[in-house]
Structures are given as C-alpha cells and as structure tokens.
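Survey of secondary and tertiary structure
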Amino acid sequence: MALVNIKIEGKSYQVEDSLTVLEACRKCGYNIPSLCSFMDGRCSLASCRVCLVEVKGARGLVASCAYPVNEGMEISISSPKATAARRTSVELLLSNHQKNCLQCEKNGKCELLEVSKMVGARNGKYLGVQTKATLDEVAPGLVRNTGKCILCGRCIETCKQLQGIGILGFENRGFKTIVSPAQNRSFADSPCMQCGQCVLVCPTGALMEHSEIDKVDQAFKDGKFVVCQVAPAVRAAIAEEFGEKIGTNGTGKMIAALHRLGFNRVFDVNFGADLTIMEEGNELIHRIKNGGVLPQITSCSPGWINYMEYYYSDIIPHISTCKSPHTMQGAITKSYFAETHNIDPKDIYVVSIMPCTAKKYEKSRKEMEVNGVRDVDAVLTTREIARMIKRVGINWNKLPEDEQFDQDLLGQYSGAGVIFGVTGGVMEAALRTAYNVLTGKEYGPIVFDNVRGLAGVREASVDVDGTILKVAIASGMANAKILLDEVRNGTSPYAFIEIMGCPGGCINGGGQPYVKPIFLPNEDDNILETYKQKRASVLYSEDERQVVRQSHNNPDIIALYKNYLGHPLSERAEELLHTHYEAHRERFPNKK
C-alpha cells in the first residue's frame, strides 16, 4: 500500500493513501470527534458535520470522515474556524434533542454527550420547535425514541450491511425527517429480527433494549423463587461494564454479584447448551440414518429464527425443532427441578441473563410454554444486569473471583456448552457428541479446529470413521443468505449448518457492552477489529479448563435423562424441549 506525506498541525507524517483524513489523524494521535462515522467509515454518511477540519487549499471546511488524504495535504484541526464549526454542529444537534439525560439508559455511554464535552458545546445556544418524536415501546426486544435520534444513519447502514435486511430508513423530508421502519411502523409491525445490532452502534439513547428490570424487581417483591440462568457469552463481556479490558473473563465475579443480588439459584445456561446438543445432535443423527431432511440447520439463535420466518419459511423442514438453550433450561427448571424440590412451577420465576435482545422476543412467543407455564419469565441483557449490580452499590473490584455456580441438579456443564457463545461453537459442540454417537468413540483431539474462526461464512469436512460429513457455519444474515439460497434451491452440499443472527455469534449480541473507541482510551486503536476475537478467546480458554468437554459426558445431563427424560427425543423431551415455527409470517401487518 502506497504512503503519502501529510502535515497535521504543522507536523509531518506518512500515512496510507487509502485513509480518510479522520482515520489518518487518529493513527497519528489526534482524536477528532465524530458521530455518524463508525466501524472505520463503513457506517458514515458524512451527515453530522461534527468532524469538520480545515485543509489547506480546500474551498471550505471538509468532513474528515469522508475526505481522502493525498500527497502534501496540510490539515488543521485546532484552527479557530474548525473549532467553532464543530461546536456549532453539535449545538445544532442538541437543539433538536430530548435532553432528559438523567433518565436515559445511555447515560455514561452517550456519544453525543461525550462529544458535546469535547467541543465545548453550549446547551441552549439554539432554541426552537423540535421535530415531533415517536416513542416505540411495543416490540419486546427494542425501544425506539426519535426524539433522541441525530439522524447519523449508523443503524440504517448496520441493518443493511450486516444483516442484509435494511428495515430502517429515513422517513419524511427536511425538518420532519426521522429514522424508522417503513411508514414509521413499530419494530413489532416490521420484519425486524430484534437482533439489536442497531442498538450497539446508536450513539445516543434513540435505540435501546426493552428493559425488564422492573419485572424482576416485582418478582422479588412478590416472594417468588427467583432463578437466574446466565448465557455463556455473558461471562466474556460483563467485566467491560465495570472498566476492565475487553477479553477479561468475568465468570467468578459475575456469579458473586448475582448471589448478592438475592437470586435463589444462580445457574449456568451451559447446562441448557449441553441439553440442546443431546437433542439437536441426536435429531441430526436420526435424520442421517433415516433419510430425513438435510441439511439440518440450528435453531439456537432467535434473531435468525425471526429472519427465517419472515424470509425463508419455506425451509422450515430443515430447521431443528429444538428450543434454544435458555428456554430448554427454563422448561426443565419448572418441571424436573420444581418436582424434585416440591415447588409449584407457578412460584418459580426464571430470569435469563443473555447477550441478546432477540431473546426477549423469543421468551414471549406463544410456543415457549408447557401446560400454561412459561419457560422463561424475564430476559435481562448483559448491560441490564450490570445496571442492577451497580445500583445496589456492589463493588466489582472487591468481589471474589472464584465463586461458583450453584450445584443443584442443573449445575454442571461441559466445555462444549461454553463455546455456544461464539460462531461455530454450536457446530463444534454437536460434532463432539455426534462423533461419539455414530462411532461409539470419543473424538481424540476434542477440538474441531476447522469449524473455528470469525469469517462470516465457513465450511468444513469432518471425517467420522471414514464417512465425510460436510458442514457450514454463518453469522450475520447477509452471510447466512448465501447458504440459505443453496438450501432453497436444493443445491446445498451440507449435512449440518449452524447459523447465528449476530456477526461473530453471541459474543457480539445486541445486549452486550458497547464497543465504542471514544469510551475506551486504554484499548488498542484497532479494537473494533479485534474485540470479537478477544471475547471468543475467553470462551475457548474456559472450554480448555473444563474436565468434561463433551455434552454427553456431563453428569447432570446423564442424570436428567436417567431420572426424568428417558432418552433424547423421547415423548417427554419432545414436550418440554422442542417447538415449531410460523410459516409465512406477516412482514407488515395492517396498522391498527
């Protein structure tokens, strides 16, 4: 890559000729504020005008996020003209912004507020009528408040580029412009996956998860037996909410905090992941041996399931009928656990702590109950449980690091369950067990390296005692579409396909801590390219530390089948652990 010579504030630098002025300045140690630019320019419309700088010879100030560097360029960030222009741009944004910062869940992680401090914006400099706001709180997973939107377009580009859907866009014109689904519909009345990737990139509180903290508070007040169950990916990121570096394993401290919040049991959804493998793996083997519909496609990601019902419901016969791990575990908690402890299932309140906003929708589906008892009662994101920990004054730094999950029928888990949180993890966990069921032997290396990695689409061939099993993995719907079209056209060469709704899998779920460089001064400059790998490493390291690394060898899973379920795919297992899907789901139901 060719280098060019530039000057910033009179100092000489050499930078790659492919960079924008914003990228070049950041590489050289200058932090120019920006709001619309994100993911190294992949989400940038040059619309916010917060990154304006002066370039010698240019006709006016330039938006540094969209202006390329060239040989001999001279850039001034601190000139009075550029400084005043950036401040004015932010003040104009503030003039049309709901400023109820104390009530906003983004407080502390609001980029608009941070940039306002950087540029010295004066609140109230420009006053007048504000654009009429829409507050959409109908969808179970997401909340949209256009009164806090700055029209940066990040959510629009993210939905379009990462998920290939593009349900968000600019509606209306001029001063009436808002960002919304078509016709300013609710997310609940649009073909939205509820994945929350838009929330992760939103610089303000315009997009947020639909909080269920108040429901959990009420359950405690009502004297319920409150059980919390934590998804594997949460431990890989929760420490970030308390100032620790990305890639820190927060398992022990997280468990300690949950115990101190008063939950009656603190369980790990890794148990539910192991249970999922027992059902899903045996379902795959049953299909292979009996001429069933192949490829079988995983069903653990509710965002992916939403997408499938909207756009690919014709391939439902290919989808595993297994519920996702947390709903499986909720069903077992309210049956096996309840019966063993002589507790009325209606008195048990199951709280799933998830990296995912789509899980909020999933637990509300009508299929997610058995005999009128809901599998899961509330879903909290990683960010929400961090807020609960902070509000009661628990000091994260002083928590013990070695506290353990409760061991009570559902306590033990395998390394295979842990890796569910990263793309390829479900595939690898299933292969570890499928290999055993098909051959009667354990796979020697344990690890299936060829299914690991963060590439959007991956394929591998697995030798199962002389039989070659072709598998594929995709994360993010724009990537998954490649595999799905092959399935739809009858040309798919695979036996098993894993699909995750969020790029990178659950480690990058819509409910995980925000990764925004403006708030991460101690992270590497390329953190947006490395954070998923750092979180994934936490899970793979946890897998390596486990004594039991295959789901079928989990002692509590073995006891569950022996004492209660009988065997995988039994009648009772089908009733508790399996589900069905909605064909031809209406994308745009008639507005009421």
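The present account deals with the structure reproduced in this document. (Residues numbered from 1 in each chain as written. Predicted model: local features only at pLDDT ≥ 70, side-chain atom pairs only at ≥ 80, totals over all residues. Heavy atoms only, no water.)

Attention shifts here to the state of the cysteines. Tallied over the entire structure, the rule returns zero disulfides. Its sulfur unpaired, Cys 25 is 6.9 Å from the next cysteine sulfur, which belongs to Cys 28. Looking at the unpaired Cys 356, the closest cysteine sulfur is the one in Cys 502, lying at 5.9 Å. A residue is classified by how much of its surface remains accessible, and Cys 356, at 10% relative accessible area, is buried. (Disulfide = S-S within 2.5 Å. Buried < 20%, exposed > 50% of the residue type's maximum accessible area, 1.4 Å probe, protein only.)

What follows concerns the pattern of salt bridges. All told, the structure shown has 42 salt bridges when counted by the stated rule. With a shortest N-O distance of 2.7 Å, Glu 309 and Arg 585 are connected by a salt bridge. You can see Glu 309 sitting in helix H9 (residues 302-311) and its partner Arg 585 sitting in the segment after helix H18 (571-577), a full 276 residues away along the chain. Overall, the relative accessible area of 11% leaves Arg 585 in the buried class. Between Arg 545 and Glu 542 there is a salt bridge, with the nearest N and O atoms lying 2.6 Å from each other. Taken together, the positions of Arg 545 and Glu 542, both in helix H16 (residues 527-545) and three residues apart, correspond to about one turn of that helix. On the basis of relative accessibility, which here comes to 53%, the residue Arg 545 falls in the exposed class. Take Glu 542: its relative accessible area is 6%, and that puts it in the buried class. Several salt bridges converge on common partners, so that one network encompasses Glu 212, Lys 215, Lys 360, Lys 363 and Glu 384. (Salt bridge = Lys/Arg side-chain N within 4 Å of Asp/Glu carboxyl O. Helix = DSSP H or I, 4+ residues; strand = E, 2+ residues; numbered from the N terminus.)

Okay, the side chain of Ser 335 next. Within the element layout of this structure, Ser 335 appears in helix H10 (residues 325-340). The residues touching Ser 335, leaving out its near neighbours within four places in the chain, are Tyr 564 and Leu 576. (Contact = heavy atoms within 4.5 Å.)

Attention now goes to the environment of Gly 476. With respect to the helices, strands and loops of the structure, Gly 476 is situated in the loop between strand S19 (467-475) and helix H15 (477-489). Given the relative accessible area of 0%, Gly 476 is considered buried. C-alpha separation for the pair Gly 476 and Gly 505, spaced 29 residues apart in sequence, amounts to 8.1 Å. Non-local contacts of Gly 476, meaning those with residues more than four positions away in its chain, are made with Leu 162, Gln 163, Met 500, Gly 501, Cys 502 and Pro 503.

Taken in spatial order, the four strands of this open sheet run S13-S20-S19-S18, and their pairing is mixed. Each end of this open sheet is capped by a strand with a single partner; those strands are strand S13 (296-297) and strand S18 (457-464). Of the strand pairs in this sheet, S13 and strand S20 (residues 496-500) are connected by two bridges, and their pairing is parallel. Opposite Gln 296, over in S20, you have Phe 496 as the bridge partner. Sheet strands touched by helix H14 (residues 425-439): S18, S19 and S20. Its angle to S20, the strand with the most contacts, is close to 155°. This element, H15, spans S13, S18, S19 and S20 of the sheet and lies at about 140° to S19. (Pairing = 2+ DSSP bridges. Axes fitted to C-alpha atoms, helices over the stretch in contact; angles between N-to-C directions.)

On to the sheet that holds strand S11 (residues 225-230), then. The strand order S12-S11-S14-S17 describes an open sheet built from four strands, whose pairing is parallel. Only two strands of the sheet have a single neighbouring strand rather than two, namely strand S12 (265-268) and strand S17 (378-381). The mean inter-strand angle of the sheet, taken between neighbouring strand axes irrespective of direction, is 25°. Two elements, S11 and S12, share four bridges in a ladder whose sense is parallel. Note that in S12 the partner of Cys 228 across the bridge is Val 266. Of the strands in this sheet, strand S14 (348-354) and S17 are in contact with helix H12 (residues 382-391), which crosses S17 at around 85°.

Moving on: the environment of Leu 142. Along the chain, the position of Leu 142 falls in strand S7 (residues 142-145). The exposure class assigned to Leu 142 is buried, which follows from its relative accessible area of 1%. Sequence-wise, Leu 142 and Ile 557 are 415 residues apart; in three dimensions their C-alpha atoms are separated by 34 Å. Those residues in contact with Leu 142 that lie beyond four places of it in its chain are Asp 136, Phe 187, Cys 192, Gln 194, Gly 196, Cys 198, Val 199, Met 208, His 210 and Thr 357.

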